[in-house]
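Here's the letter readout for the chains.
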Amino acid sequence: MKSLNENFYSVVSLKSEELYKRFARHKMSYEMMLKNSFPLPDKDDPDKIVLSENVFSQAANQPTQICRCGKTLNVLEDNWYIDEGGCNYHLGKMIFTGPERGVYSCCKTCSRGCAFNEHHVISRRPFDSRNFRRPEDTKTEKNNQAANIFSIDCEMAFTTKGLEVVKVSLTSVGGDVIFDSYVQPNNDILDYNTAFSGVREENLRGVAITLREVQNRLLQLLNKNSILVGHGVENDLRALNIVHENVIDTSCVFPHERGSHLKHSLKYLAEVYLQKVIHDGFNGHDSVEDAQTCMELMLWKIYSETRSFKTNPMVIKTVSTGHSSNYVLMPQIPTELAPPPAFFIPSFAFINVTMVQPVIPFLVPTMSITSNFNPRMPQQQWWPRNM
């Protein structure tokens with residue numbers, strides 16, 4: 001812990017308790033967690049778990065589900081996942097703008113599918129409210145210190161009951177790996193989802209660790225005052241059957257410019273705010289890397305709140321989409337720190353740009369400036385990775 005403090009003071013001159021308080025300011029409220037479908041204790045009956053449903057979780061819990069190949073499945077039927085023809089699907093998403101619109105990002109074609117799996121799959125997440133557990137209210141001297149801040153990420157695979165946890169990683173505020181383990185799901189695996197989970201069949205071969213054992217270990221490491229950082233944390237907590245109210249979700253701390261119904265991916269946030277490339281291609285995610293990236297985003301957020309920046313003006317560039325010209329605000333990366341005040345006020349330089357009516361009316365700039373805009377960091381790594 002001493003080396004952690006030494007490295008931390010070299011970047012942000014905050015004591016351990018003050019860092020904890022800074023993080024705590026970004027915790028999600030009960031109402032916000034309820035809106036995002038977190039498992040929560042009922043206010044009237046704390047022993048009862050509340051699982052409110054938003055539009056996404058409602059769709060995932062219907063008896064009729066849509067497979068990633070587009071086929072409609074009735075999950076109430078036995079062996080709903082079996083199909084002699086298998087499942088042809090795309091790993092990427094369809095592109096709706098620019099000269100490549102109409103093709104898929106994974107293979108740059110509009111084919112039936114560039115990937116194949118023997119079985120159909122669904123994205124619902126099984127849970128059992130009777131098995132939900134929560135950290136104890138343990139009183140320790142580290143309760144309100146940086147050592148009680150953690151970041152979590154889970155990787156999922158498709159089973160006969162939906163998405164289940166197959167890997168869990170927990171890291172400290174300094175990026176140290178506290179817990180990292182593969183998990184044997186309760187149901188048979190239909191697809192390891194390797195392109196996104198990074199988990200392969202050989203990784204789970206011989207693994208005997210169950211979800212219950214993972215719960216036991218996590219609840220030993222966490223207490224009621226622990227701050228848990230993640231991206232889309234409600235998915236992780238529901239999959240782990242754990243209830244925890246001290247949560248920071250980077251998808252909410254860095255909100256989407258077009259409203260709360262949309263959320264930026266962790267890949268996008270890492271590239272924009274940290275100049276860090278993750279999830280490159282379809283080789284699978286790394287839960288340790290994702291957990292560390294979430295923590296780095298929050299450390300960047302705390303850092304930006306205690307500093308102000310000297311920045312170059314933002315300029316408007318024309319970007320060709322093949323059939324029209326659209327403008328995009330391109331921020332230049334700040335290179336110098338300025339003394340207080342601590343609030344960043346973006347400046348703009350306007351230039352004349354010849355605009356042509358876009359062919360696609362709903363095409364929007366890839367980056368917009370809102371009240372939530374945050375300055376970007378220099379290219380060099382600002383936070384010590386050896387903590």
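All figures in this text were calculated on a predicted structure; none of them were measured in a lab.

Here the focus is the overall build of the protein chain. Regarding its fold elements, the protein chain presents eleven helices and 16 strands. If you take every contact in the protein chain between residues at least 6 apart in sequence, the share linking residues at least 24 apart comes to 67%. When the accessible surface of the protein chain is totalled, it reaches about 20,300 Å², and 50% of it is carbon and sulfur.

To continue, consider helix α11 (residues 287-305). With 19 residues, α11 ought to run about 27 Å at 1.5 Å a step, and its terminal C-alpha atoms sit 27 Å apart, in line with that. Among the 19 residues that make up α11, 17 are buried, leaving the element largely enclosed by the rest of the structure. The opening residue of α11, the one whose side-chain oxygen lies 3.0 Å from the backbone nitrogen of V288, is D286.

Here Q292 is to be found in helix α11. Classification of Q292 as buried rests on a relative accessible area of 15%. Within the structure, the side chain of Q292 is placed 2.8 Å from the backbone oxygen of G175, a separation counted as a polar contact.

This next bit is on unusual backbone geometry. Of note, K108 is a non-glycine position whose phi angle comes to about 60°, a positive value. Examined against the element boundaries, K108 turns out to sit in the loop between β5 (82-89) and β6 (115-119). In this structure, N193 takes a positive phi of about 55° despite not being glycine. Examined against the element boundaries, N193 turns out to sit in the loop between β10 (189-191) and α5 (194-197).

Right, let's get into the confidence of the model for the protein chain. Averaged over the protein chain, the pLDDT score is 78; the fraction of residues at 70 or greater is 73%. Below pLDDT 50 for its whole length, residues 309-375 participates in 114 contacts with residues either more than four positions away or in separate chains.

Before going further, it helps to examine the pairing of strand β9 (residues 177-182). Pairing geometry for strand β8 (residues 162-172) and β9, over five bridges, is antiparallel. Bridge assignment links K167 to a residue of β9, and that residue is Y182. Taken together, β8 and the strand that follows it, β9, pair antiparallel across an intervening segment of four residues, in which G175 is found at a positive phi of about 95°.

What follows is about helix α10 (residues 266-274). Listed as buried for α10 are L266, L269, A270, V272, Y273 and L274. Buried residues in α10 make contact with α9 (250-253) and α11. A positive phi of about 50° marks Q275, the residue just after α10.

Within β8, eleven of the eleven residues are buried, leaving the element largely enclosed by the surrounding structure. Note: strand β7 (residues 149-159) against β8, ten bridges, orientation antiparallel. The residue of β8 that forms the bridge with M156 is V165. What sits between the antiparallel neighbours β7 and β8 is a turn of two residues.

This part takes up the environment of N283. Of note, N283 is situated in the loop between α10 and α11. On the basis of relative accessibility, which here comes to 60%, the residue N283 falls in the exposed class. Between the C-alpha atoms of N283 and A195, which are 88 residues apart in sequence, the distance is 5.1 Å. Contacts of N283, omitting those with residues within four sequence positions, involve T194, A195, G198 and R200.

Counting 38 residues, the largest nonpolar core has F38, I152, V165, V168, L170, L218 and L240 as its most contacted members. Mapped by element, the contributors of at least two residues to this core are α3 (30-35), β5, β7, β8, α7 (211-221) and α8 (233-240). With five residues, β7 is the single largest residue contributor to this core. Grouped together as the second largest cluster of nonpolar side chains are 26 residues, A146, L266, V272 and W300 included.

Throughout the structure, instances matching the rule amount to seven salt bridges. Notably, a salt bridge pairs K108 with E100, separated by 3.3 Å at the nearest N-O pair. Residue K108 is classed as partly exposed on the basis of its relative accessible area, which comes to 45%. Among the salt bridges present, the one from K276 reaches E296, with a minimum N-O distance of 3.1 Å. Of this pair, K276 sits in the loop between α10 and α11 while E296 is found in helix α11, placing the two residues 20 residues apart along the sequence. E296 carries the same exposure label as K276, and that label is buried.

This part covers the packing of α10 against α11. Relative to each other, α10 and α11 sit at 45°, their axes nearing to 10 Å. The angle between the axes of α10 and α11 places the two elements in the oblique class. In the crossing of α10 with α11, the sense of the turn from one axis to the other is left-handed. For the pair formed by α10 and α11, the contact residues are L266, L269, A270, Y273 and L274 on the first element and D290, T293, C294, E296, L297 and W300 on the second. A per-class count over the contact of α10 with α11 returns eight nonpolar, one polar and two charged.

Cut-offs and rules
- Residues numbered from 1 in each chain as written.
- Predicted model: local features only at pLDDT ≥ 70, side-chain atom pairs only at ≥ 80, totals over all residues.
- Heavy atoms only, no water.
- Helix = DSSP H or I, 4+ residues; strand = E, 2+ residues; numbered from the N terminus.
- Contact = heavy atoms within 4.5 Å.
- Areas by Shrake-Rupley, 256 points an atom, 1.4 Å probe, with all protein chains shown as cover.
- Expected span 1.5 Å × (residues − 1).
- Buried < 20%, exposed > 50% of the residue type's maximum accessible area, 1.4 Å probe, protein only.
- Polar contact = N/O pair within 3.5 Å; in protein donor to acceptor, adjacent residues only side chain to side chain.
- pLDDT = per-residue confidence, 0-100.
- Pairing = 2+ DSSP bridges.
- Core = buried A, V, L, I, M, F, W, Y, C linked by side-chain atoms within 4.5 Å.
- Salt bridge = Lys/Arg side-chain N within 4 Å of Asp/Glu carboxyl O.
- Axes fitted to C-alpha atoms, helices over the stretch in contact; angles between N-to-C directions.
- Parallel < 35°, antiparallel > 145°, perpendicular 65-115°, else oblique.
- Left-handed = near helix turned anticlockwise from the far one by under 90°.
- Nonpolar A, V, L, I, M, F, W, Y, C, P; charged D, E, K, R; others polar.

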